[in-house]
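# A closer look at the structure
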Amino acid sequence: MKAILKLVAQRIALGLLLLLAVSVVIFAGTQILPGDVAQSILGQSATPQALENLRRELGLNDPAYIRYFRWLAGIVQGDLGTALSNGQDIATQLGKRLGNTLFLAGVAAIVSVPLAILLGLLAVRYRNRWPDKLISAVTLASISLPEFFIGYLLIYFVAVQLGWFTSVSTVYEGMTIGQRLNAVALPAATLTLVVLAHMMRMTRAAILNVMQSAYIETAELKGISAFDIIRKHAFPNAIAPIVNVVMLNLAYLVVGVVVVEVVFVYPGMGQYLVDHVAKRDVPVVQACGLIFAAVYISLNIIADVVAIISNPRLRHPK
Amino acid sequence: MNLSRIPISAWIGIILTSAFAFVAVFAQVIAPYGEGQIVGGLWEPMSAKYWLGTDNLGRDLLSRMIFGAQTTLFIAAAATALSFCTGSVLGFTAAVIGGWIDQALSRFVDLLMSIPTLIFALVILAVLPANTLTLILVMGLLDSTRVYRLSRAVAVDINVMDFVEAAKLRGEGHRWVIFREILPNALSPLVAELGLRFIFMVLFLSALSFLGLGVQPPEADWGGIVKENKEGIVFGIPAALIPAGTIAALAISVNLVADWILNRTTDLKGGRGG
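Read on for a plain summary of the structure. (Residues numbered from 1 in each chain as written. Chains lettered and ligands numbered in written order. Predicted model: local features only at pLDDT ≥ 70, side-chain atom pairs only at ≥ 80, totals over all residues. Heavy atoms only, no water.)

### Comments concerning the overall build of chain A
Scanning chain A for helices and strands turns up 12 helices and zero strands. Reading chain A from its N end, one meets helices and strands in the order α-α-α-α-α-α-α-α-α-α-α-α. Based on the C-alpha atoms only, the size of chain A along its principal axes is roughly 85 × 60 × 35 Å. Looking at chain A as a whole, 46% of its 318 residues qualify as buried. Counting only contacts in chain A whose residues sit at least 6 apart along the sequence, the fraction spanning at least 24 positions is 72%. Element-wise, carbon and sulfur atoms account for 65% of the exposed surface of chain A, whose accessible area totals about 16100 Å². Taking the average place of the 24 positive charges on the side chains of chain A and the average place of its 16 negative ones, the gap between the two points comes to 12 Å. (Helix = DSSP H or I, 4+ residues; strand = E, 2+ residues; numbered from the N terminus. Buried < 20%, exposed > 50% of the residue type's maximum accessible area, 1.4 Å probe, protein only. Contact = heavy atoms within 4.5 Å. Areas by Shrake-Rupley, 256 points an atom, 1.4 Å probe, with all protein chains shown as cover. Lys, Arg positive; Asp, Glu negative; His and termini not counted. Charge placed at Lys NZ, Arg CZ, Asp CG, Glu CD.)

### Regarding the side chain of B:Ser253
All names here are of chain B. Its location among the elements puts Ser253 in helix H10 (residues 241-268). Overall, the relative accessible area of 1% leaves Ser253 in the buried class. In terms of polar contacts, Ser253 uses its side chain to reach the backbone carbonyl oxygen of Leu250, at 3.0 Å. Other than its neighbours up to four places away in sequence, Ser253 contacts Gly13, Leu16, Thr17 and Phe20. (Polar contact = N/O pair within 3.5 Å; in protein donor to acceptor, adjacent residues only side chain to side chain.)

### Re the nonpolar core
Membership of the largest hydrophobic core comes to 147 residues, with the highest contact counts inside it found for A:Phe148, A:Tyr152, B:Leu122, B:Phe210 and B:Leu211. Here this core gets 20 residues from one element, more than from any other, and that element is helix H10 (residues 226-263) of chain A. Excluding residues that lie within four positions of it along the chain, B:Leu122 makes contacts with A:Val258, A:Leu273, A:Val274, A:Val277, A:Val285, B:Leu208, B:Leu211 and B:Leu213. Listed in part, the 14 residues of the second largest apolar core include B:Val96, B:Ile182, B:Ala186 and B:Leu190. (Core = buried A, V, L, I, M, F, W, Y, C linked by side-chain atoms within 4.5 Å.)

Below, the structure is given as structure tokens:
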């Protein structure tokens, strides 16, 4: 038990270190150009004096590494700075939106994960027969579809032609959970379709890999029914790879959410990020980028931790 | 090569992909109207005069789509080429030289890959000028991390083979080993990957343009055309679905070809039947 805790702690520490390095990369990524924030606030017609004053006020005359540590110190204390475009505090703006985004991604995950695993099991059960072939064909098609195509197809047919849902997903304070679910139904469906096929195919591959083991053949020779073999013998051994697949796709969800939020005009992090990239509002972009990366890295850590717990062989590294 | 042994799905892919490439190359000749030419009312329905109808400003949608094919395919192809050149040369170099260069490059790639590509691209595009060159550079260099991983993995295997050892013992330099010994032998897995990377680039570029951060209007590209016409969807005007569907069609047809090449190359290695 102690060994597991140590391994898990090591993995989390490594993740935090990675996050620190990522924050350096994100900060450096916005320093590529010689032009600076003062110029973009005041515009091209600003006088050199006004630029100089603003630079001093914002501390832009300090070297980049000092600005980086100032930025990092702020983040650790929960202060993400203020937006250039409207002077508002980023942390309060982001708080609500992060909640909205996680709600949307969460709903999509709750629907897509069990569905993908179930369909993956079906594909293994009917391997090389028509359900399996159908699943393969659909997968090939769906990894080629851009997110906005699925989104607009759903809007066009389900929202406009059938009128079942609204085409714009507005959420606001004081909505009941039912209203909220109704509002995110279409974006969540889009996200589900985006990740479902991929997750299904990888689940199928993971289980098939296990199915070729000797103990499965033994179980078959004992005369256990095909579904029981999958449920009792194959599935427990496939948990680690499946969790990996699920986490990989959830991480993908976090990114896919950006485009889907824009399609459905959903007030989440992605929409916020895209708006401020267009406005060249660097502090907001840095903050959003860091949060997205943090969620992505955390999901990967969770996948590794579950793999360590579910697979005894990983607990005793040589 | 025996043409009759090419499966039907690969044929569909090859024909569609070549059709897209043909349209892209000869856009100026094929397109019935100019790229930015306003020819009719807003969102006119499909007709004999305007095959796909008109767009949000009254431009001929078919002409926009044809010019869009040129922009989209050109940028995606350029970015793929950049990604492959950078990624494979660095990957081979890391594998051949090894040591701290390998460690430094590999850890740096790990670091870049721990940030979602789209998010990092958005962060960088917030400060860079919006033009075609920037797009190609950002997309190509960010994606080269994946090519780096693949080519390094392939090259590490080849690097220990006898003929490479022989070349090193007779005193060939790194450049010879990389380009004359390893590159020819690593080509088939890389070619199979090429198609997949190209699709990824098309989807990536379309997503950026759809978000308004890729190709800037009035220049047409498929993601941008979706963005321009998206308001029409709510009124039941399907103009935005056409470019979106075309992106999907291109991606599927390239996928079909890539799938076939992938199967062929695994055959060469003594893989499963065929």
